[in-house]
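This is what each chain is made of:
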Amino acid sequence: MSPTAASEECGIDDLPDELLQQILSLLSADEAVKTCILSRRWRHLWKSTDVLRVAYSTDRWKSSEEFKKFVNHLVLFRGISPLREFDLEFNPRRYEDVVYDGDSDPYQCVMMWVMYAVMCRVQVLKIHNLDQTDIEVYKGMPIVSQHLTKIELSGIELKNCFLNFLSCPALKELYFTKNCCFDSVYEILSRSIQCLHIFHCQFSEYHPTVIYAPSLITFFLEGFCGRTPFLGKMPSLVEASVRPHQDCDDSCSNTYSGNCEDEYCDGCHFRYEVSYDSESVLLGGLTEAKNLKLIAGPKIALACILEHSPVLRKLTLKISKEAKSMVETEGNDNPWLKPAVISEHLKVVKVHCKEVDEGVYKIGKWLSTLDIKVLIKQRKQLPKFSARVILDSNTIC
């Protein structure tokens, strides 16, 4: 092939800037910066890429100090070119970095990097910490952004001011996963979020965290420890899932009925000082949901669910072996107290179980006293529900 023919062939340099920037957005930040040596055209191309992926790992960086210096220089030389996504990830550090780093600890700069991303009008913010040391998000002014639409956080020790999103009117999705710590958080505030997921996180054992999110459509709260959060009203809620950890501080170990009548039992009688009219902890926020599927655990208070769900139209119970044992062993304590009022729309309850035995019979008989028709489906494999409310603690009502 002649040199002339070869020069006429299309290469990567013949692609438009927009496509090259899309390619660069798939790379980590340090890899994208290295492309500046390819040619004069590539020298500044990385600066205008709208996705910034910054990741610390021991196989890429010699030390935490080297990583911290790189990111600080990165945001300095990049300028305030608009960002669509800022993705910050910390993998486990070396032992010597954790012990001897001192002032070179990269976690000290996390909020500065977040504020930089906000200045660049970032839309999606992700911080994933896989290290054993929690990243502390320090107290200060709340985030103010007209562009932020989604936040994902994991392994973060959160402070109160950081979770005030009232100045982020475009924020729609909020995800807390993998051991986020809410010990010092009293409120999570947002008028705009429609999707809130909190998985395997730690709340304070001394005070509740109030969640004010009136625009929520989907809400998942699973595997949490500490005090059960207090939910404000959620009039738009469609789908919800709540599954406390077995060590949840609102769980009563004395009875399954939801009230052991022991005035010193914190699980039953711990009271929250909140500014809402409802005394309900969780159900006060879930009463507007119209389609719920309930997976009943061994400590469920079904009467409380029915009484606090006045617009409920559909209810499916997935009866576990532990739940049936609870019904059979309670004896004369009778946890199935008749609720004062139930939804006038609820006519039929579906019950899924592996075996129709005395426990299932008692549940069905109790529901029939409320003029509710019971449809029992016996299945070898219990179904997994995509939309459900899971309530495993007997005092979250």
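Rules behind the numbers
Residues numbered from 1 in each chain as written. Predicted model: local features only at pLDDT ≥ 70, side-chain atom pairs only at ≥ 80, totals over all residues. Heavy atoms only, no water. Axes fitted to C-alpha atoms, helices over the stretch in contact; angles between N-to-C directions. Helix = DSSP H or I, 4+ residues; strand = E, 2+ residues; numbered from the N terminus. Parallel < 35°, antiparallel > 145°, perpendicular 65-115°, else oblique. Left-handed = near helix turned anticlockwise from the far one by under 90°. Contact = heavy atoms within 4.5 Å. Nonpolar A, V, L, I, M, F, W, Y, C, P; charged D, E, K, R; others polar. Patch = residues over 30% accessible without salt bridge, like charges linked within 9 Å, V, L, I, M, F, W, Y side chains within 5 Å. Areas by Shrake-Rupley, 256 points an atom, 1.4 Å probe, with all protein chains shown as cover. Salt bridge = Lys/Arg side-chain N within 4 Å of Asp/Glu carboxyl O. Buried < 20%, exposed > 50% of the residue type's maximum accessible area, 1.4 Å probe, protein only. Pairing = 2+ DSSP bridges. Core = buried A, V, L, I, M, F, W, Y, C linked by side-chain atoms within 4.5 Å.

As annotated in an unreviewed UniProt entry, the protein chain carries the name F-box family-4 and is attributed to Oryza alta.

**Student:** Explain the packing of helix α4 (residues 64-78) against helix α6 (residues 110-119) here, please?
**Tutor:** The packing of two helices is summarised by the inter-axis angle and the distance between the axes. For the pair α4 and α6, the least separation of the axes is 11 Å and the interaxial angle reads 20°. By the angle between their directions, the pair α4 and α6 is classed as roughly parallel. The interaxial crossing formed by α4 with α6 has left-handed handedness. Taking contact as the criterion, the partners of Phe67, Lys68, Val71, Asn72, Val75 and Arg78 in α4 are, on α6, Met112, Trp113 and Tyr116. Of the residues that constitute the contact of α4 with α6, the class distribution is six nonpolar, one polar and two charged.

**Student:** How do you make sense of a nonpolar patch on the surface when you look at a structure like this?
**Tutor:** On the surface, Ile12, Leu19 and Ile23 cluster together to form a nonpolar patch covering roughly 230 Å² of accessible area. Summarising the element assignment, isoleucine 23 is placed in helix α2 (residues 17-24).

**Student:** Would you mind showing me how to read unusual backbone geometry here?
**Tutor:** Glycine aside, residues mostly have negative phi, and peptide bonds are mostly found in the trans state. Located in the positive-phi region is lysine 178, a residue other than glycine, with phi close to 55°. Tracing the chain through its elements places lysine 178 in the loop between β7 (173-177) and β8 (181-182). The exposure class assigned to lysine 178 is exposed, which follows from its relative accessible area of 54%. Positive phi outside glycine occurs at asparagine 179, with the angle close to 70°. Mapped onto the fold, asparagine 179 is located in the loop between β7 and β8.

**Student:** Explain the sheet that holds strand β14 (residues 230-231) to me, please; I cannot follow it from the model alone.
**Tutor:** Across the sheet, three strands lie side by side as β9-β12-β14; this open sheet has parallel pairing. Edge positions in the sheet fall to β9 (187-189) and β14, since each of these pairs with one other strand and no more. One ladder, built from two bridges, connects strand β12 (residues 210-212) with β14; its direction is parallel. For isoleucine 211, the partnering residue across the bridge sits in β14 and is leucine 231.

**Student:** What is the right way to look at the nonpolar core in this model?
**Tutor:** Inside soluble globular proteins, nonpolar side chains tend to come together where they are buried. Membership of the largest hydrophobic core comes to 68 residues, with the highest contact counts inside it found for Phe86, Leu158, Phe176, Phe182 and Ile198. Among residues more than four places away in sequence, those in contact with leucine 158 are Val137, Leu153, Leu163, Phe176, Cys180, Cys181, Phe182, Ser184 and Val185. With 18 residues, the next largest nonpolar core counts Leu302, Leu306, Ile319 and Ile363 among its residues.

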